[in-house]
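Inside the fold
Here is what each chain is made of, one letter per residue.
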Number of protein chains: 2
Amino acid sequence: MAIKSYIKKNEKRFLDELFSLIRIPSISAQQEHKPDMQTCARRWADILLSSGADKAEVMETEGNPIVYAEKNVNPENKTVLVYAHYDVMPVEPLDLWNSKPFEPVIRNGRIWARGADDDKGQSMIQVKGFETALKEGLLQCNVKFIFEGEEEIGSPSIEAFCKAHKELLKADVILVSDTSMVSADTLSLTTGLRGLAYWEIEVDGPSRDLHSGHFGGAVANPINVLCKMLADITDKDGRITIPGFYDDVEELSAEEREMIAQIPFDEAQYKEAIGVKALFGEKGYSTLERNSCRPSFDVCGIWGGYIGEGSKTVLPSKAFAKVSCRLVPHQNHETISKLFETYIHQVAPEYVTVKVTPKHGGEGYVCPIDLPAYKAAEEAIRIAFGKKPLAVRRGGSIPIISSFERILGIKTVLMGFGLEQNAIHSPNESCRLDFFFKGIEAVAEFYRIFR
Amino acid sequence: MAIKSYIKKNEKRFLDELFSLIRIPSISAQQEHKPDMQTCARRWADILLSSGADKAEVMETEGNPIVYAEKNVNPENKTVLVYAHYDVMPVEPLDLWNSKPFEPVIRNGRIWARGADDDKGQSMIQVKGFETALKEGLLQCNVKFIFEGEEEIGSPSIEAFCKAHKELLKADVILVSDTSMVSADTLSLTTGLRGLAYWEIEVDGPSRDLHSGHFGGAVANPINVLCKMLADITDKDGRITIPGFYDDVEELSAEEREMIAQIPFDEAQYKEAIGVKALFGEKGYSTLERNSCRPSFDVCGIWGGYIGEGSKTVLPSKAFAKVSCRLVPHQNHETISKLFETYIHQVAPEYVTVKVTPKHGGEGYVCPIDLPAYKAAEEAIRIAFGKKPLAVRRGGSIPIISSFERILGIKTVLMGFGLEQNAIHSPNESCRLDFFFKGIEAVAEFYRIFR
């Protein structure tokens, strides 16, 4: 009851603190927002201090700064390391937003803004859960916080940071709120993540845009070539054709498939929620297997030629695409990246020049469900939300999670409070108010239980 | 000598008049330039009057106005109808221009500006050639001018205009300067044009952009689907796979292929001029056959998903492309348009919605080389440029040329003074000064000869 009433009493302040963070447009992918990254990091340090941390500091890296904070209860006790990120995704296309992405509003029981969920909303749940447990005298363990500003661009600096600060980051378990539950009815904890590999492809044809009448048919069109190469990466069964791509993919065991089949899944509802008439994916697998335990290939962006109003008959000089593969545990993203580059260069016809630039990447991850911290998180959610969460593997990627295990030797519990409808990475991102406050309660319960 | 000296004397004024037209950004494809179309049409009417027309007027249409002017010499004599267009192509990408597209400059013996060649430069050649012949007392025939403002968007209004003004447009031959010569060394007259069909394709997948981690692999990606459909339109031999597409294509005769083979063509030079390492086109045909007498398929523009800085892991909601086919004589563009639409809808998978919007189109054209006006143009060029032009079929399209034949029953002589290096439709469009003045001389000679 102490937890619930503390949260109730501080509701407004919790939201005010969240909104103050949301208003800082900390888009890591866009150079113009560089100063916002500093502002956001400093704001977090202030909030962490006022939430009860003994100390909080903004630590510089090669890229955006990292916020580090800690609360020492007793050196004999266990230590939890909370990881989060303060950077957000770009907000384009702006015209699809119903309200301004960096002006948070509450409407229909939801907070609407970029970062309302991913990850400002969720990291505020962590911090206010910690504050609640601390202020109510329930905190049993030491807590460290590490908030980075480059998660949405693949965390290029945090590996070096971890390697340089192994002692500082020492902990028994890492706690992360940056994932979603299956649905509001089917609560879940994420026990697996996919890896990621991301590339930009540039196809260069003629040195200038050509008149498609004078040259069409005699000179290869870079867009036609790019489309052909991208089309050939998957076959009609939805499988990726890059030689060696599936070599390290572990086939799902019968037991695991059985577990996945037990997750409630309403295909009609799923299709309606995202507005598609039919689903498509790798032959031989269910939708839930496809989006969590199987790799995928997506063109995230494509552009070339004339894209303005009206029609222009042009044979363009260049064509571009941003493409990515989601990977599953055991697939090494660097190996995949090399396979991809080799493949593209092999299939690139002689009449164009093709450049492949690897962008960020990371490994997948699996969390054992008998971990004490996993058990504590499970029980905490049961208490706060009234229902035991399922253990499920999800399709998203938090590349740093597998790096933590590799570098620091620490397992992570993914205690996420997001929902699919929150539309993270999309226009009109949002977060349910009730999940925000129940999430805080669950984190406070976690600290009460975990010792 | 009278012709040459008149031109010499008026060189500066001719350029001033051209520049005054170029400075009006009459881009027909872009709505914001609507007022510029009016301005440009009125400017032309003024120039036509001051060049010696008896009357000139701006006539309204459903779209952009048409400029009509005439000079009556003797109703017993033959009549030439000069067709041109005052609209120009869009200028994007702007950052590739070395000088502002609508601020003409003279550099290295060339005029640099959008419209320097296509078609403001070339239509000024026509008008100043007419003026020269008239002022020097050499004009034997009546001359009518019809300048439209929608050629670059497929001339949607001029057909209705021709049907409504058959009497006004009555003539013995149509003269058009809107084509290119093979090269400065290999002068030519264009005796054939390709037709055109143009479409916009929209592929709609999920109702909003999705997180590629949560949905990738389980939901079809509209860009992947679009790439696949576009890739499949041509096969590895560069042939178009749309059923029925080649039904009306006339195979080249052995004689015609023999003629084409005689046109000087330096493949190494051609590749260097456009900056490609190798050429590609339909198997079994030479480059000059491919770009003039064979149909082609080009993606003129493509866009979808995240195309900003950095990387965004998104499974986009929509993907778009602007695509076109160049057609050859006997292929009906409406038939092809229907075949294309049917094909796309047939191959569109059930998990996306595909819209095909036909844009402009037009038939190909062939000009007989025994036409008296053709003979006059040939001789006029020989005199002005010192070399007899070859008769060649070219790959571009001027859809209205075949419509003139169909509606007005008049053949067209394509007396073009462009060159490939002029980069029409591209950044840094230009026109050689010597060709501009020799062109004026050739047109004046045409009027001296043709009766």
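A quick note: this is a predicted structure, and the numbers were derived from the prediction, not measured.

Here we come to the nonpolar core. Counting 93 residues, the largest nonpolar core has Trp44, Phe147, Met415, Phe436, Phe446 and Tyr447 of chain A as the members making the most contacts within it. When neighbours within four sequence positions are excluded, Tyr447 of chain A is seen to be in contact with Val80, Val82, Gln126, Gly129, Phe130, Ala133, Leu138, Leu139, Gln140, Cys141, Val143 and Leu175 of chain A. By size, the runner-up hydrophobic cluster in this structure holds 92 residues, among which are Leu15, Ala133, Phe145 and Val443 of chain B.

Mean pLDDT over chain A stands at 95; residues scoring 70 or higher make up 100%. Quick note on the complex model: pTM equals 0.77, ipTM equals 0.76.

Glancing now at the state of the cysteines. Taken as a whole, this structure holds zero disulfides over all chains when the rule is applied. Left unpaired, Cys141 of chain B is separated from the closest cysteine sulfur, that of Cys367 of chain B, by 16 Å. Free of any disulfide, Cys227 of chain B has its nearest neighbouring cysteine sulfur in Cys227 of chain A, separated by 3.9 Å.

Residue and element names in this part refer to chain B. Contact geometry for helix α11 (residues 372-385) and helix α13 (residues 433-449): axes closest at 8 Å, N-to-C directions at 135 degrees. On the basis of their axis angle, the class for α11 and α13 is oblique. Note that α11 runs across α13; the crossing there is right-handed. Contacts between α11 and α13 involve Ala373, Ala376, Ala377, Glu379, Ala380, Ile381, Ile383, Ala384 and Phe385 from the first element and Phe435, Lys438, Gly439, Glu441, Ala442, Glu445, Phe446, Arg448 and Ile449 from the second. Across the contact of α11 with α13, the residue classes tally to 12 nonpolar, one polar and five charged.

Before going further, it helps to examine the sheet that holds strand β18 (residues 430-432) of chain B. Across a sheet, strands are paired by hydrogen bonds formed along the backbone, either parallel or antiparallel in direction. Residue and element names in this part refer to chain B. The strand order across the open sheet built from three strands is β4-β5-β18, with neighbouring strands paired in antiparallel fashion. Each of the sheet's edge strands pairs with one partner strand only, and the pair in question is β4 (105-107) and β18. Mean inter-strand twist for the sheet, computed between neighbouring axes without regard to direction, equals 25 degrees. As paired strands, strand β5 (residues 110-112) and β18 are joined by three bridges and run antiparallel to one another. The partner of Trp112 across the bridge, within β18, is Ser430. Sheet strands in contact with helix α1 (residues 2-22) are β4 and β5, and its direction is about 20 degrees off that of β5. Running over the sheet, α13 touches β4, β5 and β18 and is turned about 65 degrees from β18.

Moving on: the interface of chain A and chain B. At the interface, 86 residues of chain A touch 89 residues of chain B. Summed over both partners, the interface of chain A with chain B buries about 7,600 Å², with 54% contributed by carbon and sulfur atoms. Across the contact surface, chain A and chain B share zero salt bridges. For the pair chain A and chain B, the number of links is 53 residue pairs in polar contact (both at pLDDT 80 or more). For the side of chain A that touches chain B, the leading source of residues is strand β11 (residues 296-305) of chain A, giving 10 residues. Two elements, β11 of chain A and strand β11 (residues 296-305) of chain B, share five bridges in a ladder whose sense is antiparallel. By the bridge assignment for β11 of chain B, Gly305 of chain A is matched with Gly301 of chain B.

Let us now look at the relation of the copies chain A and chain B. Once chain A is rotated about the relating axis by 180 degrees and shifted along it by 0.1 Å, it coincides with chain B to within an RMSD of 0.1 Å. In short, the pair behaves as if placed about a two-fold rotation axis. A shared interface surface links the copies, since 100% of the contact residues of chain A are contact residues in chain B too.

So, on to the environment of Leu433 of chain A. Residue and element names in this part refer to chain A. Structurally, Leu433 can be placed in helix α13 (residues 433-449). A C-alpha to C-alpha distance of 9.9 Å links Leu433 and Gly121, two positions 312 residues apart in sequence. Apart from the residues within four sequence positions on either side, Leu433 is in contact with Leu15, Ile106, Gly109, Arg110 and Ile111.

Take the pattern of salt bridges next. Residues and elements named next belong to chain A. According to the stated counting rule, one finds 68 salt bridges over all chains in the structure shown. Between Glu251 and Arg294 there is a salt bridge, with its nearest N and O atoms 3.1 Å apart. Pair noted here: Glu251 is in the loop between α6 (222-231) and α7 (254-261) and Arg294 is in the loop between α9 (287-290) and β11, with a separation of 43 residues, a long-range link. Between Arg393 and Glu256 there is a salt bridge, with its nearest N and O atoms 2.6 Å apart. Taken together, the residues span a long stretch of sequence, with Arg393 in strand β16 (residues 390-393) and Glu256 in helix α7 at a distance of 137 residues. By relative accessible area, Glu256 is classed as partly exposed at 26%.

Right, let's talk about the packing of helix α3 (residues 120-135) of chain A against α13 of chain A for a bit. All names here are of chain A. Where α3 meets α13, the closest approach of the two axes is 7 Å, and the angle between their N-to-C directions is 45 degrees. The angle between the axes of α3 and α13 places the two elements in the oblique class. In this structure, the crossing between α3 and α13 has a hand that is right-handed. Within the contact between the two elements, α3 uses Gly121, Met124, Ile125, Gln126, Lys128, Gly129, Phe130, Thr132 and Ala133 and α13 uses Phe435, Phe436, Gly439, Ile440, Val443, Ala444 and Tyr447. Per-class residue counts for the contact of α3 with α13 are 10 nonpolar, five polar and one charged.

Moving on: the side chain of Glu70 of chain B. Note on placement: Glu70 of chain B falls in strand β2 (residues 66-71). Buried and without a salt bridge, Glu70 of chain B has Lys55 of chain B as its closest oppositely charged side chain, separated by 4.4 Å.

Attention now moves to the sheet that holds strand β9 (residues 195-204) of chain B. Taken in spatial order, the eight strands make up an open sheet running β14(A)-β9(A)-β13(A)-β11(A)-β11(B)-β13(B)-β9(B)-β14(B), and their pairing is antiparallel. Of all the strands in the sheet, the pair left with one neighbour each is β14 (353-362) of chain A together with β14 (353-362) of chain B. Each neighbouring strand pair of the sheet contributes to a mean axis angle of 20 degrees, computed without reference to strand direction. As paired elements, β11 of chain B and strand β13 (residues 318-327) of chain B share eight bridges and run antiparallel to each other. From the neighbouring strand, Gly301 of chain B faces β13 of chain B, where its bridge partner is Lys322 of chain B.

Cut-offs used in this document
Residues numbered from 1 in each chain as written. Chains lettered and ligands numbered in written order. Predicted model: local features only at pLDDT ≥ 70, side-chain atom pairs only at ≥ 80, totals over all residues. Heavy atoms only, no water. Core = buried A, V, L, I, M, F, W, Y, C linked by side-chain atoms within 4.5 Å. Buried < 20%, exposed > 50% of the residue type's maximum accessible area, 1.4 Å probe, protein only. Contact = heavy atoms within 4.5 Å. pLDDT = per-residue confidence, 0-100. Disulfide = S-S within 2.5 Å. Axes fitted to C-alpha atoms, helices over the stretch in contact; angles between N-to-C directions. Helix = DSSP H or I, 4+ residues; strand = E, 2+ residues; numbered from the N terminus. Parallel < 35°, antiparallel > 145°, perpendicular 65-115°, else oblique. Left-handed = near helix turned anticlockwise from the far one by under 90°. Nonpolar A, V, L, I, M, F, W, Y, C, P; charged D, E, K, R; others polar. Pairing = 2+ DSSP bridges. Buried area = accessible area lost by both parts, 1.4 Å probe. Salt bridge = Lys/Arg side-chain N within 4 Å of Asp/Glu carboxyl O. Polar contact = N/O pair within 3.5 Å; in protein donor to acceptor, adjacent residues only side chain to side chain. Least-squares fit on C-alpha atoms with pLDDT ≥ 70 in both. Lys, Arg positive; Asp, Glu negative; His and termini not counted.

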